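So the chains spell out like this:
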Amino acid sequence: MITEKMRPRRKFAAGAPPGTLHVDPNAPRPLVSILAYGPGDIEESRPESLDEIRDALSRFQVTWVNVDGLGDLETLTRIQDIFGLHRLALEDVVNVHQRPKAELYEDHLFVVARMPRLGAELATEQFSLFLGKGYVLTFQETPGDCLDSVRERIRNERPRIRAGGPDYLAYAILDAVIDAYFPLLEGIGDRLEGLESEILRRPHSSQVPILHDLKRDLMNLRRYVWPLREVLAGFVREESPLITEATKLYLRDCYDHTIQIMDLLESYRDVASGLMDLYLSSISNRMNEVMKVLTIIATIFIPLGFIAGLYGMNFNPEISRWNMP
């Protein structure tokens, strides 16, 4: 079952000024990493000082700054000053459980998505991405992500990504986030197949809450992917100085992946609903079989019970000749 709270609480009072930042005191402290590269060189580090970000921005063609954890307001504010981020965008970064969306500001593009996170429990977290001139800035709620494949492509000097600009890096990151939904859906599909076999073999009441959890997971996943599909469609349709026409071709493929995910989600929702009907039908059939056996037994014992009840009465034939037996 997906572990996000269905009704997240606001971290600030209603009516607070726009751009108000309230950091969750229980959130992990930010861990900043820099991956800067160009066609011929690469530099990867965990900076001791945030001033190293400015140095990387000035020396490399593309700079990817990743921040794991949102638990320190001072660090986030300094990063905001370095990149010139809009305060409303940073507010959405801090206040997680945002709806996936894209916002175009004066000199940067802001994207919010839900990133699957596989562990002991199936879960997702908010993933925020900023695309600007010469940089990609990403924020995650906790350390650990599905972006190692992108990092390896950069380290292994793959020509497409090393020669591309920050818009191509942003595409590669979003594509990795979207592709992470496929293993998650494969796991749900395997669980549905297993439940179908169990229900056909031996339906049990314990299967009902499992089906409800799966249906709720599919509903939540649809809520995460549907607006992300609209975000990618907007990137393909609209003109933006931060996204080249060459990158739009790849974003179109990324959009196709969201369509595939939506098709799988709809199919699995239909299967889950069908399994509930199958469970109810199986229970009804078992009840009919039990009633059939009980009816046969009752039919056999009705005449015997009648005879035993009739001749088991106390009769006195001396009182009247109509008395039995």
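Quick note: structure is the one above.
Here is what the cut-offs are and how they apply
Numbering of residues starts from 1 in every chain and runs along the sequence as written. Residues qualify for local features only when their pLDDT is at least 70, as the model is predicted, and side-chain atom pairs are given and counted only at 80 or more; totals for whole chains, interfaces and linings, by contrast, use all residues. Processing note: side-chain calculations cover all non-hydrogen atoms of the structure and skip hydrogens and water entirely. Accessible area is worked out with a 1.4 Å probe on protein chains only. A residue is then buried under 20% of its type maximum, exposed over 50%, and partly exposed in between. Secondary structure elements are defined from DSSP: runs of H or I of at least 4 residues count as helices, runs of E of at least 2 residues count as strands, and each element is numbered from the N terminus. For two strands to be treated as a pair, DSSP must find no fewer than two bridges joining them. Note on ring pairs: Phe, Tyr and Trp rings are taken, using the six-membered ring of Trp, and paired if centres are within 6.5 Å. Classes follow the plane angle, with under 30 degrees stacked, over 60 edge-to-face and the rest tilted. To obtain each axis, a line is fitted to C-alpha atoms, and for helices this fit is confined to the stretch in contact; angles are then taken between N-to-C directions over 0 to 180 degrees. By the definition adopted for this analysis, an angle is roughly parallel if under 35 degrees, roughly antiparallel if over 145, roughly perpendicular if from 65 to 115, and oblique otherwise. Whether two residues touch is decided by their heavy atoms; if any such pair falls within 4.5 Å, the residues are in contact.

### Topic: the pairing of strand β1 (residues 31–37)
- Counted residue by residue, β1 has 6 buried out of 7 residues, so it is predominantly covered.
- Looking at chain direction, β1 and strand β3 (residues 62–68) are connected through 7 bridges and run antiparallel. Paired with Ile 34 across the strands is Val 65, a residue of β3.
- One ladder, built from 4 bridges, connects β1 with strand β2 (residues 42–45); its direction is antiparallel. Residue pairing for β2: Ile 34 is matched across the bridge by Ser 45.
- Linking β1 back to β2 in an antiparallel pair, the connection comprises 4 residues.

### Comments concerning the packing of aromatic side chains
- Taken as a whole, this structure holds 6 aromatic pairs when the rule is applied.
- With a centroid separation of 4.7 Å and 25° between ring planes, the pair formed by Phe 110 and Phe 130 is classed as stacked. Taken together, the residues Phe 110 in strand β5 (residues 108–117) and Phe 130 in strand β6 (residues 123–132) connect sequence positions 20 residues apart.
- Relative to Phe 139, the ring of Phe 130 has its centre 6.0 Å away and its plane inclined at 80°; by these criteria the two rings are edge-to-face.
- For Phe 130, a relative accessible area of 0% puts it in the buried group.

### Comments concerning the packing of helix α6 (residues 166–179) against helix α7 (residues 181–201)
- With their axes 5 Å apart at the nearest point, α6 and α7 run at an angle of 5° to one another. Here α7 runs roughly parallel to α6, going by the angle between their axes. For the pair α6 and α7, contact is made by Val 177, Ile 178 and Asp 179 and by Tyr 181, Phe 182 and Pro 183, respectively.

### Brief notes about unusual backbone geometry
- In this structure, His 97 is a non-glycine residue whose phi angle is positive, near 70°.
- Its location among the elements puts His 97 in the loop between α3 (87–94) and β4 (101–104).
- On the basis of relative accessible area, His 97 is assigned to the partly exposed category, the value being 35%.
- If you check the backbone angles, Glu 157 has positive phi at about 60° while not being a glycine.
- Examined against the element boundaries, Glu 157 turns out to sit in the loop between α4 (148–155) and α5 (159–163).
- On the basis of relative accessibility, which here comes to 52%, the residue Glu 157 falls in the exposed class.

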